[in-house]
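# Chain and residue survey
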Amino acid sequence: MRDLRPTSNLVLQAIFNILYSVKGKDFLDLFAGTGQVGLKALEKGGKSVVFVDIERKRVENIKKKAKNYQNAKFVVSDALKFLKTANSFDIIFADPPYDYKFYDKLIQLSFEALKEGGILIVEHRSNNDLSGILPDYFLESRKYGDTVISFWRKE
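Below, the structure is looked at part by part. (Residues numbered from 1 in each chain as written. Predicted model: local features only at pLDDT ≥ 70, side-chain atom pairs only at ≥ 80, totals over all residues. Heavy atoms only, no water.)

## Focus on the pairing of strand β7 (residues 147–153)
For β7, a buried count of six out of seven residues is recorded, marking the element as mostly surrounded by other parts of the structure. Relative to β7, strand β6 (residues 138–144) runs antiparallel, the two sharing six bridges. Paired with lysine 143 across the two strands is valine 148, which belongs to β7. Hairpin connection of β6 to β7: two residues between the antiparallel strands, including glycine 145 at a positive phi of 65 degrees. (Buried < 20%, exposed > 50% of the residue type's maximum accessible area, 1.4 Å probe, protein only. Helix = DSSP H or I, 4+ residues; strand = E, 2+ residues; numbered from the N terminus. Pairing = 2+ DSSP bridges.)

Here it is, written out as structure tokens:
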């Protein structure tokens, strides 16, 4: 199993402050890992959350943590494969491994799975500038130490 790099509390807080509200929103947590971003979305009133991770053991662990929520779905899959058949989401959060090679594909496919007005959030290393991918929809990047969260909106 690859190393887990959970989203820091600072970044987690920032994401939900920036989103302001996830109440009634369909949320997708890609490369879910510990599931903490999706779990936070459930806690804050997300309509539904789909957790996707390629590692079955991680998905099982998230399932245990989310057992009190009826509106959670769990998928063991490669993120790109999942996105090719995904339904539409209001918010997509992706936190791929820092050495990830397919940001272009990930952002493109995520964008196709977003509803109108939907937001895509990608967590990545600060030495990786993603603003050139779908630049017309790129909103901003915010830096927290070595971590950056970048935002796109589907208009």
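## Things to note about helix α2 (residues 36–43)
Those residues of α2 that sit buried are Val37, Gly38, Leu39, Ala41 and Leu42. Looking at the buried positions of α2, the neighbouring elements they touch are α1 (9–19), β1 (26–30), β2 (48–53), α3 (56–65), β3 (72–76) and β4 (89–94). Trailing α2 by a residue or two, glycine 45 shows a phi angle of about 95 degrees, which is positive. (Contact = heavy atoms within 4.5 Å.)

## What about the environment of valine 75?
By the element assignment, valine 75 lies in strand β3. Each C-alpha atom, one on valine 75 and one on serine 88, is 15 Å from the other, the two residues being 13 residues apart in sequence. In this structure valine 75 touches Val50, Phe51, Val52, Asp53, Val59 and Phe82, once residues within four positions along its chain are discounted.

## Structural notes on the packing of aromatic side chains
What the rule picks out here adds up to seven aromatic pairs. Judged by centre distance (5.7 Å) and plane angle (85 degrees), the ring pair of tyrosine 100 and phenylalanine 102 falls under edge-to-face. Since its relative accessible area comes to 15%, tyrosine 100 is described here as buried. Using a relative accessible area of 43% as the deciding quantity, one classes phenylalanine 102 as partly exposed. On the numbers, 5.5 Å between centres and 80 degrees between planes, the contact of tyrosine 100 with tyrosine 103 is edge-to-face. Taking relative accessible area as the criterion, tyrosine 103 reaches 4% and is therefore assigned buried. (Phe/Tyr/Trp six-rings, centres within 6.5 Å; stacked < 30°, edge-to-face > 60°.)

## Some points on the environment of aspartate 53
Checked against the element boundaries, aspartate 53 lands in strand β2. Classification of aspartate 53 by relative accessible area gives buried; the value is 5%. Sequence separation between aspartate 53 and asparagine 71 is 18 residues, and the spatial gap between their C-alpha atoms is 17 Å. Leaving out residues up to four positions away in the same chain, aspartate 53 has contacts with Phe31, Ala32, Gly33, Arg58, Val59, Val75, Val76 and Ser77. At a separation of 3.3 Å, a polar atom in the side chain of aspartate 53 contacts the main-chain amide nitrogen of alanine 32. Within polar-contact distance, the side chain of aspartate 53 engages the backbone nitrogen of glutamate 55 at 2.9 Å. (Polar contact = N/O pair within 3.5 Å; in protein donor to acceptor, adjacent residues only side chain to side chain.)

## Points about unusual backbone geometry
Even without being a glycine, tyrosine 20 presents a positive backbone phi close to 70 degrees. Classification of tyrosine 20 by relative accessible area gives exposed; the value is 75%. Although it is not a glycine, phenylalanine 31 adopts a positive phi angle of roughly 55 degrees. In this structure, phenylalanine 31 sits in the loop between β1 and α2.

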